Amino acid sequence: MADSLNVDEALARILEQINLLPAETVAIEDSLGRVLAEDIISSLDLPPFDNSSMDGFAILSEDSKGASKEFPVRLRVASDVLAGSISTTVIKAGQAARIMTGAVIPEGVDAIIPVEDTDGDFRLQETPSHVSLYSSVPVGAYIRKRGENISKGQLVIKAGTVIRSAEIAIMASLGNAKIAVRKQPKVVIVGSGDELLELHEAPAHGKIYDSNAYALAAMVEEDGGVALRFPAAKDHPDALRESYQAALAEKPDVIISSAGVSVGAADYVRGILNELGEIGFWRINLRPGKPLAYGHLAGIPFFGLPGNPVSAMVTYTVIVRPSLLKMGGRSSSSRTIEAVAGERMVSDGRRTYARVRLEAKDGQWVAYETGSQSSGAHLSMLLADGLLIIPEEQKIVDKGEKLPVLLLR
Ligand code: AMP
Ligand code: MG
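Below is a short write-up of the structure.

1. Section: the sheet that holds strand β16 (residues 254-258)
Item 1. With mixed pairing, the six strands of this open sheet are ordered in space as β15-β12-β16-β20-β19-β17. At either end of the open sheet lies a strand with only one pairing partner, and these are β15 (226-229) and β17 (277-283). Pairs of neighbouring strands in the sheet enclose a mean axial angle of 20 degrees, with direction left out of account.
Item 2. Across five bridges, strand β12 (residues 186-191) lies against β16 in parallel orientation. Bridging across to β16, valine 187 finds its partner in valine 254.

2. Some details on the packing of aromatic side chains
Two descriptors summarise a pair of aromatic rings, namely the distance from one centre to the other and the angle between the planes of the rings.
Item 1. This model, assessed by the stated rule, comprises three aromatic pairs.
Item 2. When the ring of tyrosine 294 is compared with that of phenylalanine 303, the centres are 5.1 Å apart and the planes differ by 55 degrees; the resulting orientation is tilted.
Item 3. On the accessibility criterion, phenylalanine 303 (0% relative accessible area) is buried.
Item 4. Positioned above the aromatic ring of phenylalanine 122 is the side chain of arginine 98, whose terminal nitrogen or guanidinium carbon lies 5.3 Å from the ring centre.

3. Some points on a nonpolar patch on the surface
Item 1. Taken together, the side chains of Leu199, Tyr209 and Tyr214 present a nonpolar region at the surface, about 270 Å² in accessible area.
Item 2. Considering the arrangement of structural elements, one finds tyrosine 209 in strand β14 (residues 208-209).
Item 3. The exposure class of tyrosine 209 is partly exposed, given its relative accessible area of 33%.

4. Regarding the environment of proline 231
Item 1. Structurally, the position occupied by proline 231 is in the loop between β15 and α4 (237-249).
Item 2. On the accessibility criterion, proline 231 (52% relative accessible area) is exposed.
Item 3. In sequence terms proline 231 and glutamate 70 are 161 residues apart; their C-alpha atoms lie 82 Å from each other.
Item 4. With sequence-adjacent residues up to four places away left out, proline 231 is seen in contact with Gly191 and Glu198.

5. Considering the site of ligand 1
Item 1. Of all residues adjacent to ligand 1, which total 14 residues, the nearest are Glu195, Asp210, Ser211, Gly307 and Asn308.
Item 2. Backbone polar atom of serine 211 to a nitrogen atom of ligand 1: 3.1 Å apart, as the coordinates give it.
Item 3. A distance of 3.1 Å is found between an oxygen atom of ligand 1 and a backbone nitrogen or oxygen belonging to glycine 307.
Item 4. Taking 490 Å² as the accessible area of ligand 1 by itself, protein coverage stands at 77%.

6. Considerations on the environment of alanine 202
Item 1. With respect to the secondary-structure elements, alanine 202 resides in the loop between β13 (196-197) and β14.
Item 2. On the basis of relative accessible area, alanine 202 is assigned to the exposed category, the value being 56%.
Item 3. Linking alanine 202 and glycine 33, residues 169 residues apart in sequence, is a C-alpha distance of 37 Å.
Item 4. Sequence-distant contacts of alanine 202, that is, excluding residues within four places in its chain, are made with Leu197 and Tyr209.

7. Thoughts on the packing of helix α1 (residues 7-16) against helix α6 (residues 309-327)
For any two helices packed against each other, the geometry comes down to the angle between their axes and how far apart the axes lie.
Item 1. The N-to-C vectors of α1 and α6 enclose an angle of 30 degrees; their axes lie 10 Å apart at closest approach. Accordingly, the angle class assigned to the pair α1 and α6 is roughly parallel. Crossing of α1 against α6: the hand is right-handed. On α6, the residues touching Val7, Leu11, Ile14 and Leu15 of α1 are Val318, Ile319, Pro322, Ser323 and Lys326.
Item 2. Here the contact of α1 with α6 is composed, by residue class, of seven nonpolar, one polar and one charged.

8. Quick look at α1
Item 1. When α1 is considered as a whole, its buried residues turn out to be Val7, Ala10, Leu11 and Ile14. When α1 is viewed along its axis, its buried side chains cluster within an angular range of 95 degrees and face the same direction.
Item 2. Its side-chain oxygen placed 2.8 Å from the backbone nitrogen of aspartate 8, asparagine 6 serves as the N-cap of α1.

9. Observations concerning the nonpolar core
Item 1. Ile189, Ile256, Tyr316 and Tyr353 are the most contacted members of the largest nonpolar core, which has 38 residues in total.
Item 2. Every element with two or more residues in this core is listed here: α1, β12, α3 (212-222), β16, β19 (291-297), β20 (300-305), α6 and β25 (386-390).
Item 3. Excluding anything up to four places from it in sequence, isoleucine 189 contacts Ala213, Leu216, Ala217, Val220, Ala227, Leu228, Arg229, Phe230 and Ile256.
Item 4. Formed by 17 residues, the second largest nonpolar core is a distinct cluster that contains Val188, Leu273, Trp282 and Leu297.

10. Regarding the side chain of aspartate 63
Item 1. Note on placement: aspartate 63 falls in the loop between β4 (56-59) and β5 (73-81).
Item 2. Although aspartate 63 is buried, it makes no salt bridge; lysine 65 carries the closest opposite charge, 10 Å away.
Item 3. Here the side chain of aspartate 63 touches glycine 94 through a polar contact of 2.6 Å, landing on its backbone nitrogen.
Item 4. Those residues in contact with aspartate 63 that sit more than four places away from it in its chain are Val73, Leu75, Ala93, Gly94 and Gln95.

Conventions and cut-offs
- Residues numbered from 1 in each chain as written.
- Chains lettered and ligands numbered in written order.
- Predicted model: local features only at pLDDT ≥ 70, side-chain atom pairs only at ≥ 80, totals over all residues.
- Heavy atoms only, no water.
- Pairing = 2+ DSSP bridges.
- Helix = DSSP H or I, 4+ residues; strand = E, 2+ residues; numbered from the N terminus.
- Axes fitted to C-alpha atoms, helices over the stretch in contact; angles between N-to-C directions.
- Phe/Tyr/Trp six-rings, centres within 6.5 Å; stacked < 30°, edge-to-face > 60°.
- Buried < 20%, exposed > 50% of the residue type's maximum accessible area, 1.4 Å probe, protein only.
- Lys NZ or Arg CZ within 6 Å of the ring centre and 35° of its normal.
- Patch = residues over 30% accessible without salt bridge, like charges linked within 9 Å, V, L, I, M, F, W, Y side chains within 5 Å.
- Areas by Shrake-Rupley, 256 points an atom, 1.4 Å probe, with all protein chains shown as cover.
- Salt bridge = Lys/Arg side-chain N within 4 Å of Asp/Glu carboxyl O.
- Contact = heavy atoms within 4.5 Å.
- Near = heavy atom within 4 Å.
- Polar contact = N/O pair within 3.5 Å; in protein donor to acceptor, adjacent residues only side chain to side chain.
- Parallel < 35°, antiparallel > 145°, perpendicular 65-115°, else oblique.
- Left-handed = near helix turned anticlockwise from the far one by under 90°.
- Nonpolar A, V, L, I, M, F, W, Y, C, P; charged D, E, K, R; others polar.
- Arc of directions from axis to C-beta.
- Core = buried A, V, L, I, M, F, W, Y, C linked by side-chain atoms within 4.5 Å.
- Lys, Arg positive; Asp, Glu negative; His and termini not counted.

See below:
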């Protein structure tokens, strides 16, 4: 395989040329799944003020000493504090304030006694004149202290975090309406083949449906990109040229093509790429998917993937995915585990990414091939949990051998 490049070497060379995209500002409600591009530093204490964690009565802990159901302590209710309101009444010994969950702790008190431990009835609108306490509560009981959760100036969420609902909750509670997130890579998907049908067309002899455009667009979106699918071009240099020019007009961050990269009579990708841009390298030593091009079209990274559906998806996973993740500021770590081969497998000396399903057995993962490993067998991907990596030069994997698996889910 002197003419083909090692996978790691190829990937390293490509990643060198891939840059992190700039940031953009979005409303937090539009940030789910995006990558945070700034540190979130709290501009507030959370909670912002001491408040009650219960519906109950704000009291001096001292007053509740010795209280029980048999010997209740009776206090005069001096005020009523609702959430969102501020009471100016200072509570003195022998007094209590009726207080709702989340309301500001009035001055003078140091504990809350929950309504369940009193004769209070919160279903009543009017403030009771007195309350009887049925238990004692220590100093600080049911008081959420200002800043006990998050303090002003604290680094709460690091740049680079993928935003989930919990991050949105915190950002909202800090009053952040807009945040900086990494731009999503915009990817145009192109393809070619006279045999390809659009999904709305009727089946016809000699024709197959274009599945790569959909598969690749979905993979791009799984990796945080925005995909734009182009209809497959005819196998003619003019059609391909037109398709690439239309792709460029979209000003994408990446162009991904499938098919037309072999040495068949109708394989024009290489020629047009040479004409409109430049080819970085052509063949990568991996299986499935050896014919794989990388280059630039008007400065835009171009990945020319093979046409066989499984090859397209595997080469996407191995080569394109890390590139898009880098652009989008996403980590690609922790996607590989170790597994033992559950059966004998064969390779041809290229680095092979065997589609395997994984079973947990005796504390380890055991990998089994997902049926036919033909590069056209869609089902081998459908059933796969991961890609078992058989190193270069190795032609046989014995049952029980330990190898890395690149996880697909
Ligand atoms: P090619 O690289 O053009 O020689 O194509 C290799 C194989 O992949 C052929 O069997 C094609 O029919 C198939 N193929 C190419 N493009 C697609 C596509 N977009 N969807 C499904 N199969 C494709
Ligand atoms: Mg073709």
